[in-house]
Amino acid sequence: MSNSTIQTLGIVGTGAMGRGIAQIAAQAGLTVNLFDTNAQAVAAARQYLQDTFTKLAEKGKMSAADGEAALARVKACAALEDLAACDMVLEAIVERLEVKRDLVAKLEAVVREDAVIASNTSSLSITAIAVGAKKPGRVVGYHFFNPVPLMKVVEVVDGISGDPAVGDRLMELSRRMGHTPVRCKDMPGFIVNHAGRGMNIEGLKVAQEGVAEFVDIDNIMREQAGFRMGPFELMDLTGLDVSHPVMESIYNQFYQEPRYRPSPITSLRSVGGLLGRKTGAGFYAYPNGQKQVPAAAPVPAARPASVWVSRANERGHAMTVKLLTALGVTVEAGNQPPADALIVVTPLGLDATTAALEEGLDATRVVAIDTLMPFEATKRRTLMTTPATSAAARDAAHGLFASDGVPVTVIRDSAGFVAQRVISCIVNIASDIAQQRIATPTDIDLAVHLGLGYPKGPLALGDTIGADLILEVLRNLNRLTGDMRYRPSPWLWRRAGLGLSLLTEEA
Ligand code: NAI
């Protein structure tokens with residue numbers, strides 16, 4: 001197999017993805033040959049590229065001459081045979097295994113012996129696509145994200161019969177095109193679509209348990225946890241016609257691994273046509289295309305006379321006492337809560353009820369606050385009540401914790417707060433991707449940060465919060481619910497136990 005630089009790229013399938021990849025390749029100086037069984041799609045793609053380069057030149061992002069030169073490098077082909085001279089052909093056709101296999105066979109009859117054949121498949125196995133190829137070693141996964149010019153990460157996927165040298169050539173090509181390549185094994189969802197399970201699946205589980213409304217979960221994930229979007233906003237954007245089948249497919253490809261178990265919420269809403277923005281209604285309503293957000297409940301004016309904070313979690317106790325002192329309320333110092341004081345507990349992975357029972361506290365006065373992340377780092381606070389908490393205690397806690405203007409969400413009792421559950425699942429799944437050696441920890445973080453727009457990679461996020469805290473949340477969740485989805489990945493418990501970064505690989 002040749003190691004020479006890829007200069008001439010063939011693209012088969014010139015839809016949304018094919019034309020995006022054509023754009024970055026032509027801009028990087030490659031000659032690009034476009035082919036599609038629908039000749040109009042080729043003409044449309046070339047027209048799209050012409051319009052794009054003109055717009056980029058108008059915006060001063062490239063010179064008019066560079067735009068013309070890039071366009072001149074893009075050639076429309078009328079037959080597959082016109083791709084004979086390509087160093088590499090990338091297919092971005094319909095996502096069907098037999099159609100892709102058939103195309104690989106046809107390409108092998110056309111291209112040079114040393115030409116690379118790559119697939120932009122998002123959900124099929126690259127190993128499966130290569131079955132039947134005369135030279136399966138040159139068939140490689142090259143998974144871009146939509147829109148290609150803006151999503152600057154690409155997964156280079158090695159099938160089990162793939163030649164690693166071919167993947168190496170794609171790593172180099174990606175950098176030349178201004179993209180960040182990440183390398184991964186051929187496993188369901190590769191890196192990004194695998195790591196992305198945590199947010200949606202756990203968000204749905206929280207909603208299904210009746211703990212909080214969709215909008216509450218989104219607000220918490222955005223403002224408390226620091227993500228750009230919450231799970232329900234994200235699913236509305238993608239559309240359940242896309243996200244629900246992906247959830248089912250990854251779950252089944254991993255043989256019903258509980259971590260990826262989808263929710264009947266999305267199957268039901270898919271059937272009911274509440275797909276998201278594209279149908280004008282999803283988890284939110286979109287009258288006139290604008291997202292309608294239900295008004296937030298008013299902040300109660302009540303405040304407690306004094307507050308007693310549980311010492312069961314020393315870190316949470318210290319953080320909460322500091323905050324309460326800043327809020328100007330009397331904090332009771334004794335070992336037991338005096339009568340009438342509001343009782344605040346700071347559990348990790350426990351529900352407020354279990355915290356109250358384990359400490360022998362009066363549940364009618366118990367309210368829990370989420371201390372997973374430092375209060376300074378968050379723009380929203382989450383409180384949790386027990387089923388016995390009085391309305392007066394709940395309102396006094398809400399009024400107090402919102403008294404400096406920071407918004408507060410009150411959720412129903414749940415083993416683990418919303419942010420604790422969703423973040424721990426995200427970190428745990430990323431840890432298990434590392435444990436399975438699907439990709440290096442560095443590539444996992446890069447892929448997720450760039451591909452999903454998370455504020456940082458999930459392993460770095462776990463390090464920032466503290467792998468020990470994430471582990472405690474998961475262990476408690478696992479213990480209380482008996483649900484195997486919360487069992488910690490060995491990658492996580494070993495590194496947390498040794499006090500190592502989650503990005504640490506063995507020597
Ligand atoms: P698309 O529907 O926009 O374009 C597909 C194009 O392929 C069409 O122009 C169609 O005429 C052509 N085509 C279909 N069968 C063909 C064949 N046998 N030979 C030649 N051309 C054929 O699809 P899109 O969204 O661009 O997806 C293409 C591939 O990229 C799929 O494998 C998809 O899973 C993958 N992908 C899609 C992403 C997305 O967000 N749309 C993201 C990442 C990967």
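What counts, and where the lines are drawn
- Along each chain, numbering runs from 1 in the same order as the chain's sequence is written.
- In keeping with the predicted nature of the model, local features appear solely for residues at pLDDT of at least 70, side-chain atom pairs appear and are counted solely at 80 or more, and the whole-chain, interface and lining totals rest on all residues.
- Just so you know, side-chain values use all the structure's heavy atoms and leave hydrogens and water out.
- The domain boundaries here were taken from an automatic or database domain assignment.
- UniProt positions are given in the numbering used here, feature names are shortened, and annotations may be inferred rather than shown by experiment.
- Numbered from the N terminus, helices here are DSSP runs of H or I no shorter than four residues, and strands are runs of E no shorter than two.
- If even one non-hydrogen atom of a residue comes within 4 Å of a molecule or strand, that residue is called near it.
- Identification of polar contacts relies on pairs of N or O atoms within 3.5 Å, with a donor-acceptor requirement for protein atoms, meaning one able to donate a hydrogen and the other able to accept it, and with residues adjacent in sequence counted only if both atoms are side-chain atoms.
- Any two strands are treated as partners once DSSP identifies two or more bridges connecting them.
- Interaxial angles span 0 to 180 degrees and are taken between N-to-C directions of axes, which are lines fitted to C-alpha atoms, for helices over the stretch in contact.
- Here, residues are in contact when the closest pair of their heavy atoms is within 4.5 Å.
- When a carboxyl oxygen of Asp or Glu is within 4 Å of a side-chain nitrogen of Lys or Arg, the pair counts as a salt bridge.
- Whether a residue is buried, partly exposed or exposed follows from its accessible area with a 1.4 Å probe, protein chains only, as a fraction of its type maximum: under 20%, in between, or over 50%, in that order.

- Looking up the protein in an unreviewed UniProt entry gives the name 3-hydroxyacyl-CoA dehydrogenase, with the organism given as Cupriavidus metallidurans.

Things to note about the domain arrangement of the protein
How big an interface is tends to be stated in terms of the accessible area lost upon association of its parts.
Next up, step 1: The domains assigned to the protein are domain 1 (8–186), domain 2 (192–289) and domain 3 (306–406).
Next up, step 2: Inter-centroid distance (C-alpha atoms) of domain 1 to domain 2 is 30 Å.

Focus on the UniProt feature "domain: 3-hydroxyacyl-CoA dehydrogenase C-terminal" (unreviewed entry) in the protein
Next up, step 1: As annotated by UniProt and renumbered to match this structure, "domain: 3-hydroxyacyl-CoA dehydrogenase C-terminal" (unreviewed entry) occupies residues 189–286 and 416–496.
Next up, step 2: What you have in residues 189–286 is 58% helix and 0% strand, and the ends, taken at the C-alpha atoms, are 30 Å apart.
Next up, step 3: Summarising residues 416–496: 74% helix, 0% strand, and an end-to-end C-alpha distance of 19 Å.

Let's talk about the site of the ligand
Next up, step 1: Residues in close proximity to the ligand total 21 residues, the closest being Met 17, Asp 36, Glu 95, Lys 100 and Asn 120.
Next up, step 2: One nitrogen or oxygen atom from the side chain of Lys 100 is found 2.8 Å from an oxygen atom belonging to the ligand.
Next up, step 3: Here Asn 120 contributes a side-chain N or O atom positioned 3.0 Å from an oxygen atom of the ligand.
Next up, step 4: Elements represented by at least two residues in the shell around the ligand include exactly α1 (16–27) and α4 (97–108).

So, the sheet that holds strand β9 (residues 306–309)
Next up, step 1: Strand order in this open sheet of six strands is β10-β9-β11-β12-β13-β14, and the pairing throughout is mixed. Single-partner strands in this sheet number two, and they are β10 (330–332) and β14 (408–411). Adjacent strand axes in the sheet meet at a mean angle of 35°, parallel and antiparallel pairs treated alike.
Next up, step 2: As judged from the four bridges shared by strand β13 (residues 381–385) and β14, these two strands associate in the parallel manner. Opposite Leu 383, over in β14, you have Val 410 as the bridge partner.
Next up, step 3: Its contacts with the sheet put helix α14 (residues 352–359) on β9, β11 (342–345), β12 (366–369) and β13, and the angle it makes with β12 is roughly 120°.
Next up, step 4: On the sheet, helix α15 (residues 391–401) packs against β9, β11, β12, β13 and β14 and is oriented at approximately 170° with respect to β13.

Examining the pattern of salt bridges
Next up, step 1: Counted by the stated rule, this structure contains 29 salt bridges.
Next up, step 2: Between Asp 158 and Arg 183 there is a salt bridge, with the nearest N and O atoms lying 2.8 Å from each other. In this pair, Asp 158 is assigned in strand β7 (residues 153–158) and Arg 183 in strand β8 (residues 180–185), connecting sequence segments 25 residues apart.
Next up, step 3: For Arg 183, a relative accessible area of 18% gives the class buried.
Next up, step 4: Taking the shortest distance from any N to any O, the salt bridge between Glu 172 and Arg 176 comes out at 3.0 Å. In this pair, Glu 172 and Arg 176 both sit in helix α6 (residues 164–176), four residues apart, roughly one turn of the helix.
Next up, step 5: Connected through salt bridges with shared partners, the residues Glu 202, Lys 205, Glu 209, Arg 421 and Arg 485 form a single ionic network.

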